[in-house]
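Analysis of the macromolecular model
Residues per chain, in single letters:
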Amino acid sequence: MSARLIDGKKTSKAVLDELAETIHRELGGGRPPGLAAVLVGEDPASKIYVRNKMKACDRCGVAGTVAQLPSTSSQEEVSAVLDELNENSRVDGILLQLPLPEHLDARPLLAQLRPDKDVDGVHTINLGKLAADDPSGFVPCTPAGVVELLERYDIEVEGRRVVVVGRSNLVGKPLALLLMRRHKMGNATVTVVHTRSREVPERVREADIVIAAAGSAQFIQGDWLQPGAVVIDVGIHRLPEDKHGKARLVGDVHFPSAVEIASAITPVPGGVGPMTVAMLLSNTVLSWKRRRGV
Ligand SMILES: NC(=O)c1ccc[n+]([C@@H]2O[C@H](COP(=O)([O-])OP(=O)(O)OC[C@H]3O[C@@H](n4cnc5c(N)ncnc54)[C@H](OP(=O)(O)O)[C@@H]3O)[C@@H](O)[C@H]2O)c1
């Protein structure tokens, strides 16, 4: 058996095209949605992520801007930029690209974001709203992207056993909350496993849907899966270059063995990654609409 591929690249393009249509339809004589990224330092992966986010802005007609700050910036300097963006009426969404250089403390900076511009969904107010089933917040982009993929591939979650591997505040925990909601893409029976869990392979084998967000390259093996399980791989890892000098990206799941057992699976790259960007733009357009009262 070879699993159906869940194509995040194609799906993210569809989401961005729909957003472009919404913006075009509702713009009138007004200003377009605005997304401001704050990038501190020269981390190569962060630069690529921000560049991809800006490309997505261009694709759907969002005014994207990058505040690039030197790696030597002080906590106060970054804080001052966030203050300015919080006040800027042309900015609907602010994202602080992580990780920050080591001398900076991300937590107070994230807490300083206006929750109604926190389109990454990382402010504790937004995480609290998610936990309280209050739809007026923003859902973090990677978990939102996972649920969007499941929905667009008609993979039902209601009443099914979902195992989430990982409990981070950014991915695992909000995903578990989303899938538990009383919602058409919720009502799942969710188990969350982490490094202190016993018998992780056994728990994974019980799952109809496995969501891997452990940050450990290719560690979930095909023979851990129930035949026909759906596998969503959030992990991204860069392996050393092969003999042709080509860098390889892999996920948390050992794809070659899992693809033989699963009924559907996301590839890495081209699975959850592009959906994260699409959901950031979706949250930005939502923020814009809320600000305009549409
Ligand atoms: N595709 C995207 O857009 C996107 C976005 C964000 C993250 N990611 C990727 O997704 C992965 C997870 O990200 P994250 O930010 O959630 O990572 P994280 O903060 O490192 O959290 C990893 C979680 O997995 C658990 N874990 C680690 N090894 C495990 C094991 N062997 N068995 C069971 N649980 C284990 C950890 O448990 P403890 O809590 O006990 O330590 C922790 O809860 C990373 O590869 C990251 O690069 C991708």
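Residues numbered from 1 in each chain as written. Predicted model: local features only at pLDDT ≥ 70, side-chain atom pairs only at ≥ 80, totals over all residues. Heavy atoms only, no water.

Things to note about unusual backbone geometry
Under the convention used in this document: Comment: elements are numbered from the N terminus, with helices defined as DSSP H or I runs of at least four residues and strands as E runs of at least two.
Cis geometry marks the peptide bond from L98 to P99; its omega dihedral reads 0°. Inspection of the secondary structure assignment puts P99 in the loop between β4 (93–96) and α4 (106–112). If you check the backbone angles, D133 has positive phi at about 60° while not being a glycine. You will see that E199, though not glycine, has its phi angle at about 55°, which is positive. Considering the arrangement of structural elements, one finds E199 in the loop between β6 (189–193) and α8 (200–205).

Observations regarding the site of the ligand
Filter applied, for reference: In these notes, residues near a molecule or strand are those with any non-hydrogen atom within 4 Å of it. Pairs of N or O atoms within 3.5 Å make up the polar contacts considered here, provided that, within protein, one atom can donate a hydrogen while the other can accept it, and that residues adjacent in sequence are counted only when both atoms are side-chain atoms. Each residue gets one of three labels, nonpolar for Ala, Val, Leu, Ile, Met, Phe, Trp, Tyr, Cys and Pro, charged for Asp, Glu, Lys and Arg, and polar for the others, Gly among them.
Around the ligand sit 19 residues, and of these R167, S168, T195, V234 and T276 come closest. One nitrogen or oxygen atom from the side chain of R167 is found 2.7 Å from an oxygen atom belonging to the ligand. S168 is positioned with one of its side-chain polar atoms (N or O) 2.5 Å from an oxygen atom of the ligand. No other element matches helix α10 (residues 272–292), which puts 3 residues into the shell around the ligand. Residue composition of the shell around the ligand, by class: 8 nonpolar, 10 polar and 1 charged.

Some remarks on the packing of helix α6 (residues 141–152) against α10
Selection criterion: Here an angle of 0 to 180 degrees is reported between the N-to-C directions of two axes, which are lines fitted to C-alpha atoms, with helices fitted over the stretch in contact. Note on terminology: angles under 35 degrees are roughly parallel, angles over 145 are roughly antiparallel, angles of 65 to 115 are roughly perpendicular, and the others are oblique. It only takes one pair of heavy atoms within 4.5 Å for two residues to be counted as in contact.
Following both chains from N to C, one finds α6 and α10 inclined at 105°, their axes separated by 8 Å at the closest point. When the axis of α6 is compared with that of α10, the two are roughly perpendicular. Every residue of α10 that contacts α6 at C141, T142, A144, G145, V146, E148 and L149 is listed here: V272, M275, T276, M279, L280 and N283. Residues belonging to the contact of α6 with α10 are distributed by class as follows: 8 nonpolar, 4 polar and 1 charged.

Some points on the packing of aromatic side chains
Let me state the cut-off plainly: To pair, rings of Phe, Tyr and Trp, with the six-membered ring standing in for Trp, must have centres within 6.5 Å; the planes then decide the type, stacked if under 30 degrees apart, edge-to-face if over 60, and tilted in the middle. Buried residues are those whose accessible area, probed at 1.4 Å on protein chains only, stays under 20% of the maximum for their type, while exposed residues exceed 50% and partly exposed ones sit between those limits. For a Lys NZ or an Arg CZ to count as sitting over a ring, it must be within 6 Å of the ring centre and within 35 degrees of the ring normal.
Counted according to the given criterion, the structure contains 1 aromatic pair. Measuring from ring centre to ring centre gives 5.7 Å for F219 and W224, while their planes differ by 90°; the resulting arrangement is edge-to-face. A residue is classified by how much of its surface remains accessible, and W224, at 14% relative accessible area, is buried. In this structure, R290 packs its charged tip against the face of F138, placed 4.8 Å from the ring centre. In this structure, R292 is placed above the aromatic ring of W288, and the distance from its NZ or CZ to the ring centre is 4.1 Å.

Observations concerning the domain arrangement of the chain
Applied cut-off: The split into domains, and so the bounds of each, comes from an automatic or database assignment of domains.
Along its sequence, the chain is carved into domain 1 (31–114) and domain 2 (141–273). Here the C-alpha centre of domain 2 lies 28 Å away from the C-alpha centre of domain 1.

Considerations on the state of the cysteines
Here is the rule: For the purposes of this analysis, a disulfide is any pair of cysteine sulfur atoms at a distance within 2.5 Å.
Inspection of the entire model under this criterion finds 0 disulfides. Among the cysteines around C141, which has no disulfide bond, C57 carries the closest sulfur, lying 12 Å off. A residue is classified by how much of its surface remains accessible, and C141, at 3% relative accessible area, is buried.

Looking at the pairing of strand β2 (residues 34–40)
Regular strands place side chains that alternate from one sheet face to the opposite one. Where we set the bar: Between any two strands, at least two bridges found by DSSP are needed for them to pair. When the strands point away from the viewer, a crossover counts as right-handed if the path from the first strand over the helix to the second runs clockwise.
The element β2 is largely enclosed, with a buried count of 7 among its 7 residues. Because side chains alternate across β2, one face comprises the buried residues G34, A36, V38 and V40, and the other comprises L35, A37 and L39, equally buried. Direction of pairing for β2 relative to strand β3 (residues 63–69): parallel, over a ladder of 7 bridges. Residue pairing across strands places V38 opposite A67, the latter belonging to β3. Taken together, β2, helix α2 (residues 44–60) and β3 form a β-α-β motif whose crossover is right-handed. Across 4 bridges, β2 lies against β4 in parallel orientation. The partner of A36 across the bridge, within β4, is I94.

A word on the packing of helix α1 (residues 8–26) against α6
At a minimum axis distance of 11 Å, the contact between α1 and α6 shows a crossing angle of 95°. For the element pair α1 / α6, the angle class is roughly perpendicular. Facing α1, whose interface residues are G8, T11, A14, V15 and E18, α6 presents E148, L149 and R152. Classifying every residue of the contact of α1 with α6 by side-chain character gives 3 nonpolar, 2 polar and 3 charged.

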